Amino acid sequence: MQKVLADAIGMCDRMGASGLLIFFDAPIDWKRLKKFMGETYFVAAATSTEALAGASEAEIKTVLLSLDADAPVYDRITHAILEAVADDFFTPGSRLVAVYNGFDAVVGFDSISVINLGEHLERLSGKELRKIETKVPLKTLKTVVDLALEIGREGREGKSVGTLFVVGDTKNVLANSKAAGFDPVRGYKCKERDLFDPRVREGIKEVAQLDGAFVVALDGVVAAACRLLDASTAMITLSKGLGSRHWAAAAVSRSTNAVAIAVSQSSGTVRIFVNGEVVLRIESRHSRPMIWREFDYDKPQ
């Protein structure tokens, strides 16, 4: 185990990686590990609280995975990266080295992978979105999230664009909002407001520059645009630095059964709100898919 860790530390130094992501299946002597790692930055990930017991006392950053211990390695690594980036343990665009058990649980660490995050895991699979507890159909939710990512990444006419989508529970959302003035989608037929049509999505990118939120029905049809949300922000708590758009997203997702998807104008970050809380954060600027790089190793005997 020490040899694999030593090799991983060497790779981290040679490749200029931000640090190590180490997966544990059983409790470990954290103080001894911290001493062995020296100055190398690392984050520990596990599927059980027992495996991470004592890590906080040793001032070690940890990620607890909401997956079974026998979940596929790829799923565990992907989930750990999402959580680690969301907790600001690793920054979008960084490179990291993952150390894990890929073959035999008895042996301990036996595998190393080098992972380039690009500018984060831009294209979410249905699996990540499926974890969000909502009545919004996965197809509709993914279409709106992908559109939000494109707006956050591309902006419009060389300028950054921030916007807000509210999906589902259309009747209550409209009751908790008011028109900001001109509604650019009013009067159009449903098929001309259907987000599954690429031409409609391109039109929405243009309208996204205007103030207000898009209200999207469960079937992906835009019910209204440029809506000013008027839900109460009582009992809402958000991280520092988030503006009025995010507060409105949190409030409307708490007051209704809708999912709110906010695009930050300053960073392009997409945040998904359910019941007043951020359930997923995605970095979209200059985003590229995660790249796995093969590593030569000797399979344990």
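What you see is a predicted model, and the numbers here were worked out from it, not measured in a lab.

Cut-offs and rules
Residues numbered from 1 in each chain as written. Predicted model: local features only at pLDDT ≥ 70, side-chain atom pairs only at ≥ 80, totals over all residues. Heavy atoms only, no water. Helix = DSSP H or I, 4+ residues; strand = E, 2+ residues; numbered from the N terminus. Buried < 20%, exposed > 50% of the residue type's maximum accessible area, 1.4 Å probe, protein only. Contact = heavy atoms within 4.5 Å. Areas by Shrake-Rupley, 256 points an atom, 1.4 Å probe, with all protein chains shown as cover. Phe/Tyr/Trp six-rings, centres within 6.5 Å; stacked < 30°, edge-to-face > 60°. Expected span 1.5 Å × (residues − 1). Pairing = 2+ DSSP bridges. Right-handed = clockwise from strand over helix to strand, strands pointing away. Core = buried A, V, L, I, M, F, W, Y, C linked by side-chain atoms within 4.5 Å. Lys, Arg positive; Asp, Glu negative; His and termini not counted. Salt bridge = Lys/Arg side-chain N within 4 Å of Asp/Glu carboxyl O. Polar contact = N/O pair within 3.5 Å; in protein donor to acceptor, adjacent residues only side chain to side chain. Axes fitted to C-alpha atoms, helices over the stretch in contact; angles between N-to-C directions. Parallel < 35°, antiparallel > 145°, perpendicular 65-115°, else oblique. Left-handed = near helix turned anticlockwise from the far one by under 90°.

## A look at the overall build of the chain
For step 1, the next point in the chain: Counting secondary structure elements, the chain contains 8 helices and 13 strands.
For step 2, the next point in the chain: Per-residue burial for the chain yields a buried fraction of 51% across its 301 residues.
For step 3, the next point in the chain: Counted over contacts in the chain with a minimum sequence separation of 6, partners at least 24 positions apart contribute 59%.
For step 4, the next point in the chain: Only carbon and sulfur atoms are counted for the fraction: they give 49% of the accessible area of the chain, which is about 15,300 Å².

## Some points on the packing of aromatic side chains
For step 1, the next point in the chain: Overall, the coordinates contain 4 aromatic pairs when judged by the stated rule.
For step 2, the next point in the chain: Considering the side-chain rings of F23 and Y100, the 6.5 Å spacing of their centres and the 90° angle between planes classify their relative orientation as edge-to-face. Of this pair, F23 sits in strand β1 (residues 19-24) while Y100 sits in strand β4 (residues 95-100), and the two are 77 residues apart along the sequence.
For step 3, the next point in the chain: Classification of Y100 as buried rests on a relative accessible area of 12%.
For step 4, the next point in the chain: When the ring of Y41 is compared with that of F90, the centres are 5.7 Å apart and the planes differ by 85°; the resulting orientation is edge-to-face. Of this pair, Y41 sits in the loop between α2 (30-37) and β2 (42-46) while F90 sits in the loop between α3 (73-86) and β4, and the two are 49 residues apart along the sequence.

## Observations regarding helix α8 (residues 244-255)
For step 1, the next point in the chain: The end-to-end C-alpha distance of α8, which contains 12 residues, comes to 16 Å, matching closely the 16 Å that a straight helix rising 1.5 Å per residue would cover.
For step 2, the next point in the chain: Listing the buried residues of α8 in full gives H246, A249, A250, A251, V252 and S253.
For step 3, the next point in the chain: Buried positions along α8 lie against β6 (163-167), α6 (170-175), β9 (222-229), β10 (259-263), β11 (270-274) and β12 (277-282).

## Looking at the pairing of β1
For step 1, the next point in the chain: β1 sits mainly inside the fold: 6 of its 6 residues count as buried.
For step 2, the next point in the chain: The pairing of β1 with β4 spans 4 bridges and is classified as parallel. Paired with G19 across the two strands is L96, which belongs to β4.
For step 3, the next point in the chain: Sheet topology note: the β1/β2 ladder contains 5 bridges and is parallel. Within β2, the residue paired with L20 across the bridge is F42.
For step 4, the next point in the chain: After leaving β1, the chain enters α2 and then returns to the sheet as β2, a path that is right-handed.

## Re the nonpolar core
For step 1, the next point in the chain: F165, L195, I204, F214, V216 and I261 are the most contacted members of the largest nonpolar core, which totals 29 residues.
For step 2, the next point in the chain: Of all the secondary-structure elements, those providing two or more residues to this core are α5 (138-154), β6, α7 (198-207), β8 (213-216), β9, β10, β11 and β12.
For step 3, the next point in the chain: Ranked by residue count, the leading element in this core is α5, at 7 residues.
For step 4, the next point in the chain: For F214, the contacting residues outside a window of four places in its chain are T163, L164, F165, V166, I204, V207, A208, V222, A224 and A225.

## A closer look at the side chain of R193
For step 1, the next point in the chain: One can find R193 in the loop between β7 (177-179) and α7.
For step 2, the next point in the chain: Buried charge without a partner: R193 forms no salt bridge, and the closest opposite charge is E192, 6.8 Å away.
For step 3, the next point in the chain: A polar atom in the side chain of R193 sits 2.9 Å from the backbone oxygen of Y188.
For step 4, the next point in the chain: Here the side chain of R193 touches V222 through a polar contact of 2.7 Å, landing on its backbone oxygen.
For step 5, the next point in the chain: In this view, R193 contacts V185, Y188, V200, G220, V221, V222 and A223; residues no more than four positions away in its chain are not counted.

## What about the environment of V274?
For step 1, the next point in the chain: With respect to the secondary-structure elements, V274 resides in strand β11.
For step 2, the next point in the chain: Overall, the relative accessible area of 17% leaves V274 in the buried class.
For step 3, the next point in the chain: The sequence separation of V274 and N257 amounts to 17 residues, and the corresponding C-alpha distance is 7.9 Å.

## Considering the pairing of β9
For step 1, the next point in the chain: A large share of β9 lies buried, amounting to 6 of its 8 residues.
For step 2, the next point in the chain: The pairing of β7 with β9 spans 3 bridges and is classified as antiparallel. Pairing of S177 across the sheet is with L229, part of β9.
For step 3, the next point in the chain: Of the pairings in the sheet, the one linking β8 to β9 comprises 3 bridges and is antiparallel in character.

## Overview of the packing of helix α1 (residues 2-15) against α2
For step 1, the next point in the chain: At a minimum axis distance of 11 Å, the contact between α1 and α2 shows a crossing angle of 40°. It follows that α1 is oblique to α2 by the angle criterion. Crossing geometry of α1 relative to α2 is assigned as right-handed. Residue-level contacts link Q2, L5, A6 and I9 of α1 to R32, L33, F36 and M37 of α2.

Geometry only, nothing functional implied.
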